[in-house]
Amino acid sequence: MSDKLIAALESKRVVPLVQSDDPRTALKISEALLKGGLDVLEVVLRTDAALDCLEAIAKEFPNAHVGAGTVLSASQSEEVIRRGASFIVSPGLDPASVEVANAADIPILPGISTATELQQAWNLGLRTVKLFPASLVGGPKMLKALSSVFRDVRFMPTGGVSPTNLHEYLAVPAVLACGGSWLTPADAIAKGDFDVLTELAKSAIAIAQKN
């Protein structure tokens, strides 16, 4: 992991998921989140225009840490790097994607949900991973159990994290940051009410700073 990305994650401890099928909307979402103080953005590849959204955000906000999420393969890893991603997040552990990221000197946080997957990630040299889907595989209790064995690993739990349990996740010493889609509610985005995103970002940072 790059020192700059680690520092940014340690500072705000929350990573919003940006999803849109329109680059112009994606830019407004990102602007609202940055205004709220969150400068690490994960643009998820869940729409046909996701790569265009990623590229637009990376170009418009060069000082932000703009990564790509839901990356499923080595070829997608290569493409998101070409489009400007400064880090990669995947739902599972794909050694070929890790190899691509390492070759490009780009941080990658693969998703793991079992001790076996984490051991594989550890043996690939990774020391920062994503626990996914966090709430379904044991949440904070699972993180405590895994971190007691893999003592040099840090986690970014994602999936089921919300304002009501964010504090509980961040209270686990091994948790670096949490990923969350609650910061970008689809209904507010559809209405063009981007101020809601800014306020959610500020509230999340306030919760994180209490830990």
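None of these values were measured; they are calculated from a predicted model.

## Thoughts on the overall build of the chain
Now for step 1: Secondary structure assignment for the chain yields 10 helices and nine strands.
Now for step 2: Its C-alpha atoms give the chain a radius of gyration of 16 Å, near enough to 17 Å, the size a compact globule of 211 residues would have.
Now for step 3: Viewed in the frame of its principal axes, the chain has a C-alpha envelope of about 45 × 40 × 30 Å.
Now for step 4: Counting only residues that meet the buried cut, the chain has 50% of its 211 residues in that class.
Now for step 5: Long-range pairs, those at least 24 residues apart, make up 58% of the contacts in the chain with a sequence separation of at least 6.
Now for step 6: Of the accessible surface of the chain, which amounts to about 9,600 Å², a share of 50% is contributed by carbon and sulfur atoms.

## Structural notes on the nonpolar core
Now for step 1: Core analysis: the biggest nonpolar cluster contains 58 residues, and Phe155 and Leu166 have the highest contact counts within it.
Now for step 2: For this core, the element with the highest residue contribution is helix H10 (residues 195-208), accounting for six residues.
Now for step 3: The contact partners of Phe155, leaving out residues within four places of it in the chain, are Ile112, Leu118, Val129, Leu143, Leu146, Ser147, Ala174, Val175, Leu176 and Ala177.
Now for step 4: One finds Leu9, Val40, Met156 and Ala177 within the second-largest nonpolar core, a separate group that totals 12 residues.

## Considerations on helix H2 (residues 23-35)
Now for step 1: In this model, H2 (13 residues) spans 18 Å end to end at C-alpha, consistent with the 18 Å of a helix rising 1.5 Å per residue.
Now for step 2: Within H2 the residues assigned to the buried category are Ala26, Ile29, Ser30, Ala32 and Leu33. In a view along the axis of H2, the buried residues occupy a sector of 160 degrees, so they form one face of it. Facing away from the buried surface of H2 by more than 90 degrees, the exposed residues are Arg24 and Lys35.
Now for step 3: Where H2 is buried, its residues meet strand E1 (14-18), strand E2 (40-44), helix H3 (50-60), helix H9 (186-191) and H10.
Now for step 4: Sitting at the amino-terminal end of H2 is Asp22, which places a side-chain oxygen 3.1 Å from the backbone nitrogen of Arg24.
Now for step 5: With its phi angle positive at about 110 degrees, Gly37 sits one or two positions after the end of H2.

## A closer look at the packing of helix H4 (residues 74-82) against helix H5 (residues 95-103)
Now for step 1: Between H4 and H5, the least distance of the axes is 8 Å, while the angle of their chain directions is 30 degrees. Taken together, the axes of H4 and H5 are roughly parallel relative to one another. In this structure, H4 meets H5 at a crossing whose hand is right-handed. In this structure, H4 contributes Ala74, Ser77, Glu78 and Ile81 to the contact, and H5 contributes Ala96, Ser97 and Val100.
Now for step 2: Residues belonging to the contact of H4 with H5 are distributed by class as follows: four nonpolar, two polar and one charged.

## What about the environment of Phe61?
Now for step 1: Tracing the backbone shows Phe61 in the loop between H3 and strand E3 (65-69).
Now for step 2: Its relative accessible area of 16% is what places Phe61 among the buried residues.
Now for step 3: A sequence separation of 22 residues divides Phe61 from Asp39, and the C-alpha atoms of the two residues are 9.4 Å apart.
Now for step 4: Phe61 has contacts with Leu27, Ser30, Glu31, Leu34 and Val66, leaving out every residue within four places of it along the chain.

## What about the pairing of E3?
Now for step 1: Within E3, five of the five residues are buried, which leaves it mostly tucked inside the rest of the structure.
Now for step 2: Residues of E3 alternate between two faces, with His65, Gly67 and Gly69 on one and Val66 and Ala68 on the opposite face, all of them buried.
Now for step 3: Examined bridge by bridge, E2 and E3 share five bridges and lie parallel to one another. From the neighbouring strand, Val43 faces E3, where its bridge partner is Ala68.
Now for step 4: At this point the chain moves from E2, through H3, to the parallel E3, and the crossover so formed is right-handed.

## Concerning H5
Now for step 1: Among the residues making up H5, those that are buried are Ser97, Val98, Val100 and Ala101. Buried residues of H5 fall within an arc of 160 degrees about the axis and therefore sit on the same side. Of the exposed residues in H5, the ones pointing more than 90 degrees away from its buried face are Glu99 and Ala103.
Now for step 2: Buried residues in H5 make contact with H4, strand E4 (88-89) and strand E5 (108-109).

The rules behind each value
- Residue indices follow the written sequence of each chain, beginning from 1 at its first position.
- A pLDDT threshold of at least 70 governs which residues receive local features in this predicted model, and a stricter bar of 80 or more applies before side-chain atom pairs are shown or counted, although totals over entire chains, interfaces and linings include all residues.
- Only hydrogens and water are set aside; all other atoms, that is, all heavy atoms of the structure, feed into the side-chain values.
- Secondary structure elements follow DSSP: runs of H or I of four or more residues count as helices, runs of E of two or more count as strands, with numbering from the N terminus.
- Restricting the calculation to C-alpha atoms gives the radius of gyration, and the globule rule supplies 2.2 Å times the number of residues raised to the power 0.38.
- Buried, partly exposed and exposed residues are distinguished by accessible area as a fraction of the type maximum, computed with a 1.4 Å probe on protein chains only: under 20%, between the cut-offs, and over 50%, respectively.
- Contacts were defined at the residue level, with two residues in contact if any of their heavy atoms lie within 4.5 Å.
- The Shrake-Rupley method, run with a 1.4 Å probe, gives the accessible areas here. Residue values count only the displayed protein chains as cover.
- Throughout, nonpolar core names a set of buried Ala, Val, Leu, Ile, Met, Phe, Trp, Tyr and Cys residues whose side chains join them through atoms within 4.5 Å.
- A helix is expected to reach a length of 1.5 Å times the quantity of its residues less one.
- In this context, the arc is that of the directions from the helix axis out to the C-beta atoms.
- Polar contacts here mean pairs of N or O atoms no more than 3.5 Å apart (in protein, one a potential hydrogen donor and the other a potential acceptor; neighbouring residues in sequence count only if both atoms are side-chain atoms).
- Every axis corresponds to a line fitted to the C-alpha atoms, with the helix fit spanning only the stretch in contact, and the corresponding angles, defined between N-to-C directions, vary from 0 to 180 degrees.
- Oblique is the label for any angle not covered by the other classes, which are roughly parallel (under 35 degrees), roughly antiparallel (over 145) and roughly perpendicular (65 to 115).
- Should the near helix be turned counterclockwise from the far one by less than a right angle, the crossing is left-handed, whereas a clockwise turn marks it as right-handed.
- The residue classification treats Ala, Val, Leu, Ile, Met, Phe, Trp, Tyr, Cys and Pro as nonpolar and Asp, Glu, Lys and Arg as charged. All others, Gly included, are polar.
- Any two strands with at least two DSSP bridges between them are considered paired.
- The crossover handedness rule: strands pointing away from the viewer, path from first strand over the helix to second strand clockwise, crossover right-handed.

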